[in-house]
Amino acid sequence: MTITTTMPISGDNERMDPAHPRADGPRRRRTFTAAEKSEHVRAYEQACESGDGGAYLRREGLYSSLISEWRKHRDAGVLAGKKPGEKVGKLTAEQAEIARLTRELTRANKRLNTTEAALDIMGKAHALLASLSESADSDEKNNKR
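Notes on the structure follow. If you're wondering where the values come from, they're calculated on a predicted model, not measured in any experiment.

### A short note on the nonpolar core
For soluble globular proteins, the rule of thumb is that nonpolar side chains tend to be buried together. Of all hydrophobic cores here, the largest spans 11 residues; its members are Phe32, Val41, Ala43, Tyr44, Ala47, Tyr56, Leu57, Leu62, Leu66, Ile67 and Trp70. Of all the secondary structure elements, the ones that give two or more residues to this core are helix H1 (34-49), helix H2 (53-60) and helix H3 (64-75). It is H1 that provides the largest number of residues to this core, a total of four residues. Non-local contacts of Tyr56, meaning those with residues more than four positions away in its chain, are made with His40, Ala43, Tyr44, Ala47 and Leu62.

### Examining the packing of aromatic side chains
Counted by the stated rule, this structure contains one aromatic pair. Judged by centre distance (5.1 Å) and plane angle (65°), the rings of Phe32 and Trp70 are edge-to-face. Taken together, the residues Phe32 in the segment before H1 and Trp70 in helix H3 connect sequence positions 38 residues apart.

### Examining the environment of Leu79
Considering the arrangement of structural elements, one finds Leu79 in the loop between H3 and helix H4 (93-144). Its relative accessible area of 4% is what places Leu79 among the buried residues. Spatially, the C-alpha atoms of Leu79 and Ala34 are 5.3 Å apart, while their sequence positions differ by 45 residues.

### A few points about the pattern of salt bridges
Here the structure, examined in full by the defined rule, presents six salt bridges. Here Arg42 ties to Glu39 by a salt bridge, and the two come within 2.4 Å at their closest N and O atoms. With Arg42 and Glu39 both in helix H1 and three residues apart, the pair spans about one turn of that helix. Look at Glu39 and you get partly exposed, because its relative accessible area is 41%. The partner of Glu97 in a salt bridge is Arg100, with the nearest N and O atoms 2.7 Å apart. Here the residue Glu97 and the residue Arg100 both occupy positions in helix H4, the gap between them amounting to three residues, near one helical turn. Taking relative accessible area as the criterion, Glu97 reaches 35% and is therefore assigned partly exposed. The class for Arg100 is partly exposed, based on a relative accessible area of 35%. Where salt bridges share partners, they join Glu45, Arg71 and Arg74 into one cluster.

Each value, and the rule that gives it
Residues numbered from 1 in each chain as written. Predicted model: local features only at pLDDT ≥ 70, side-chain atom pairs only at ≥ 80, totals over all residues. Heavy atoms only, no water. Core = buried A, V, L, I, M, F, W, Y, C linked by side-chain atoms within 4.5 Å. Buried < 20%, exposed > 50% of the residue type's maximum accessible area, 1.4 Å probe, protein only. Helix = DSSP H or I, 4+ residues; strand = E, 2+ residues; numbered from the N terminus. Contact = heavy atoms within 4.5 Å. Phe/Tyr/Trp six-rings, centres within 6.5 Å; stacked < 30°, edge-to-face > 60°. Salt bridge = Lys/Arg side-chain N within 4 Å of Asp/Glu carboxyl O.

Here's what the structure looks like:
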C-alpha cells in the first residue's frame, strides 16, 4: 500500500502548508552556531556532574546523540574558530583520532587524580596508625617501670 501526499514535505527551516492544523505552532530550531554547541556541551557536562544531565537535555530539547557528536567536534578542535553559520562537516580520520586521544587523556587524568587522592589518604592513615602504635608502645614501657 502506498500513501501519497498532496502537500510537499517541508525542510527543517521552511514553514508548513498554511492549511496544516499546526502551521502556526512553534517550530523547533535545528541549527546551532559553533559557540552554542560548545556551550551546550559544557552545560550538559556540568549538569551530568550533579546528576541532572537528562533533565538538561529535556529542558533544552536536545538529544544525547547531538551532545556526543558535538563533543567529538569540540575535542577535535573543529568547533573552535568557526564563525556563526559556518558548516561543521564530518570529522576527518585525523580529527577523529585527536578527539579519541583527547577523551582518553581526560579519562586518564581523572583516574590519576583519584589515585593520587587515595594514596594521599592511605599515607596519612598509615602515618596516623604508626604514631598511635608508637604512643601505645611508649605507654606500655612507662607502665612497666
